[in-house]
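An overview of the molecular structure
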Amino acid sequence: MKKSLKLIAAPLLAAALLLGGTTAFGAGIDQALVGGEGQLLAGVSTFAGKGDLGEANGKTAESTFRAPWSVLPLKDGTILVADARSNLIRRIAGDEVTTFAGITISKDAYNYPIGALLDGKSAAAVFQQPKGLAADSKGNIYVADEKNHAIRKIETNGDVTTLAGNGVLGSKDGKGKEAAFYSPQDIAVAADSTLYVADTLNHAIRKITPDGTVSTLNSKSTRSVEVAPGQYVPAGDFADGALSSAKFNEPTGLAFDAKGNLFVSDSGNQVIRYIDLATNTVSTVAGSTAVKYGASELYVTGEFADGKAAGAKFNFPRGLAVTKDGGLLIADSLNHAIRYLKDGIVRTVAGDDQAGSSDGTERNAELHHPSDVAVTSDGSLLVADAYNNKIRKVAFYELPAGVKADGTIKVVYNTRLIEFDAQPELSNGRTMVPVRVIAEGLGFDVKFAEQAETGARSVSLSKGGTTIGLTIDKSELVKTVNGGSRLTKEIDAAPYIKDDRTFVPVRFFAEELGLDVEWNESTRTVILRDKTDGQ
């Protein structure tokens, strides 16, 4: 279920001033802090693009894209972006966006650039919905130029050539322009400069040797689907086993692992496949192998589920990236999420099954059709957030300096360790904290009262017209806004008094003040974060 992003702004602003600035990020995914239920703690922010359609260069915050489809970090720290609907390859260096290759020759009636197949210098070449990007060890860039049904090469001197394909869709092996592709969407380069292509609508994995010779590695699908009465279209299929007899359904993403073997996003089958190039075999490493199609179904039905790899569910997984620790990042496009396969378990890193554009903490952030993901040199992730027309950044949370596994319970708010006048403690499995310190830190006025008739003791917290009342030893709160009607709800633990301090359950603050709360078991730390704080 999607978590609410509504916050009480004034208390959180006060908290930022009183308790410390922005959230600490900087760990790589292999060192990411783990919260409850194995959730990796991270923040999602906008790296480039303001969300408008366009091809405007300039500062990253003011730049525009049209369905950026893939991201490629280079050794010099710059980032290349295949800006698919702009028909351009863009470059991000520092806080500046420029055009790396391609020009706009004209636009259609809807103001979209019209593509074509034209080689030449990078400033004069033309592409048509470029999708996948890859680089070889010499610095040459390769482009899966989808609507040109071709593989293009951008040499280090800026020359753009067509390595394979001729602009006409088809399915033919051969050398260079004798070969034919059908909407190739990704490309990967092996250590020996051999290229592998996800030839999407041919449902095939193709190989291009350094001399430009193209061959098909797997078996072609013979399945067809009646999409309308009497109208049949070719469709993909599924089969593991020997590579020569294996079948795919719209493969869209490729990534090499450290062994030199290929992961494949088999999008139409909603699974992640693995090609062992030493044994020439194909296996399924995530998602169900119980593939069944209905009579009129082109694809397996997409779903969303984390957990053991064989039971995990995807919805058109696309771009892939291998992490330093051997894990696999997956741009799960129609689940609007980034997933992570490691040690036979699939977790969600960012996004949460609903499209949107908000920055924020891992599962509170929103993506819209992420089509690729890449790992940068500092361990953070870049996401081609295609339908938001942005490049997003996922950075992993680090605890503030000085937080150690010393057995004590600690509470942090973003980057700051909260110093209490009495030690937080566990009571019946709930973390209880002294109310005055944390409430005043979040900008609330705190008042204590005792009823003369009954002896009942209470505490009220007030800020900006909102008042929250708590009664000692009673598991409920009463909330009023601007003197309106009283809303009574249960809380997960009753407040109590100990050593003249009133203790309340810290999760109460997450629920009522819009904070995200996580528990880090290894350091016994409660982590409070603003849900919309992406960095």
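The shown structure was predicted, so the numbers you read here are calculated from the model rather than taken from an experiment.

Cut-off values and rules
Residues numbered from 1 in each chain as written. Predicted model: local features only at pLDDT ≥ 70, side-chain atom pairs only at ≥ 80, totals over all residues. Heavy atoms only, no water. UniProt positions renumbered as here; feature names shortened; annotations may be inferred. Helix = DSSP H or I, 4+ residues; strand = E, 2+ residues; numbered from the N terminus. Pairing = 2+ DSSP bridges. Domains from an automatic or database assignment. Contact = heavy atoms within 4.5 Å. Buried area = accessible area lost by both parts, 1.4 Å probe. Salt bridge = Lys/Arg side-chain N within 4 Å of Asp/Glu carboxyl O. Phe/Tyr/Trp six-rings, centres within 6.5 Å; stacked < 30°, edge-to-face > 60°. Buried < 20%, exposed > 50% of the residue type's maximum accessible area, 1.4 Å probe, protein only. Lys NZ or Arg CZ within 6 Å of the ring centre and 35° of its normal. 1 Å grid on protein atoms, 1.4 Å probe; cavity = no way out; pocket = protein on both sides within 12 Å on 5 of 7 lines; lining within 4 Å. Points joined across faces, edges and corners; volume = space filled by probe spheres on them. Nonpolar A, V, L, I, M, F, W, Y, C, P; charged D, E, K, R; others polar. Axes fitted to C-alpha atoms, helices over the stretch in contact; angles between N-to-C directions.

Now for the UniProt feature "repeat: NHL" (unreviewed entry) in the protein. According to UniProt, the "repeat: NHL" (unreviewed entry) feature falls on residues 127-157 and 169-211. In the segment residues 127-157, helix accounts for 0% and strand for 52%; the C-alpha atoms at its two ends are 18 Å apart. Helix makes up 0% of residues 169-211 and strand 42%, and the two end C-alpha atoms of the span are 22 Å apart.

Another aspect to go through is the pairing of strand S18 (residues 224-228). One ladder, built from four bridges, connects S18 with strand S19 (residues 231-234); its direction is antiparallel. Within the sheet, the bridge partner assigned to glutamate 226 lies in S19 and is tyrosine 232. A loop of two residues connects S18 with S19, the two strands running antiparallel in sequence, and glycine 230 in this loop sits at a positive phi of about 80 degrees.

In terms of domain boundaries, the protein breaks down into domain 1 (25-397) and domain 2 (410-530). Relative placement of domain 1 and domain 2: their C-alpha centres are 46 Å apart. Across the boundary between the two partners, domain 1 contributes 10 residues, which contact nine residues of domain 2. With both chains or domains summed, domain 1 and domain 2 bury close to 710 Å², and 47% of this area falls on carbon and sulfur atoms. The largest contributions to the domain 1 side of the interface with domain 2 come from Leu41, Thr361 and Tyr397, which together make up 54% of the buried area. At the boundary of domain 1 and domain 2, one finds one salt bridge.

This part takes up the packing of aromatic side chains. Inspection of every chain in the model, using the stated rule, returns four aromatic pairs. Pairing phenylalanine 263 with tyrosine 274 gives two aromatic rings, centres 5.0 Å apart and planes at 55 degrees, and the pair type is tilted. Linking phenylalanine 263 in strand S22 (residues 262-266) with tyrosine 274 in strand S23 (residues 271-276), this pair joins segments that are 11 residues apart in sequence. A single burial state applies to phenylalanine 263 and to tyrosine 274, both of which are buried. Ring geometry for tyrosine 299 against phenylalanine 316: centres 5.0 Å apart, planes inclined by 85 degrees, an arrangement best described as edge-to-face. In this pair, tyrosine 299 is assigned in the loop between strand S24 (281-286) and strand S25 (307-308) and phenylalanine 316 in the loop between S25 and strand S26 (317-322), connecting sequence segments 17 residues apart. Taking NZ or CZ as reference, arginine 66 lies 5.8 Å from the ring centre of tyrosine 112, over its face. Sitting above the plane of the phenylalanine 248 ring, arginine 273 keeps its charged end 4.6 Å from the centroid.

Before going further, it helps to spend a moment on empty space enclosed by the protein. One pass over the full model with this rule turns up one cavity of 30 Å³ or more. A volume near 50 Å³ is recorded for the largest cavity. In this structure, the largest cavity is lined by Trp69, Ser70, Lys131, Gly132, Gln185, Asp186, Thr252, Arg318, Gly319, Ser371 and Asp372. For the lining of the largest cavity, the secondary-structure elements that each account for two or more residues are strand S4 (68-73), strand S9 (130-135), strand S14 (184-189), S26 and strand S31 (370-375). Of the residues belonging to the lining of the largest cavity, the class tally is one nonpolar, six polar and four charged.

Pairing within the open sheet is antiparallel, and its five strands lie in the order S38-S39-S40-S41-S42. Every interior strand has two partners, whereas the edge strands, strand S38 (445-450) and strand S42 (487-490), have only one. Neighbour to neighbour, the strand axes of the sheet diverge by 20 degrees on average, direction disregarded. Sheet topology note: the strand S39 (residues 457-463)/strand S40 (residues 466-471) ladder contains six bridges and is antiparallel.

A separate point is the sheet that holds strand S17 (residues 213-216). Strand order in the open sheet formed by five strands is S13-S17-S16-S15-S14, and the pairing between neighbours is antiparallel. Two strands lie at the open edges of the sheet, namely strand S13 (174-175) and S14, each paired on one side alone. In the sheet, S14 pairs with strand S15 (residues 195-199) via five bridges, with the strands oriented antiparallel. Across the sheet, the residue bridging to valine 189 is leucine 195, located in S15.

With that settled, consider the environment of isoleucine 208. Note that isoleucine 208 resides in strand S16 (residues 204-208). Separated by 108 residues in sequence, isoleucine 208 and phenylalanine 100 place their C-alpha atoms 24 Å apart.

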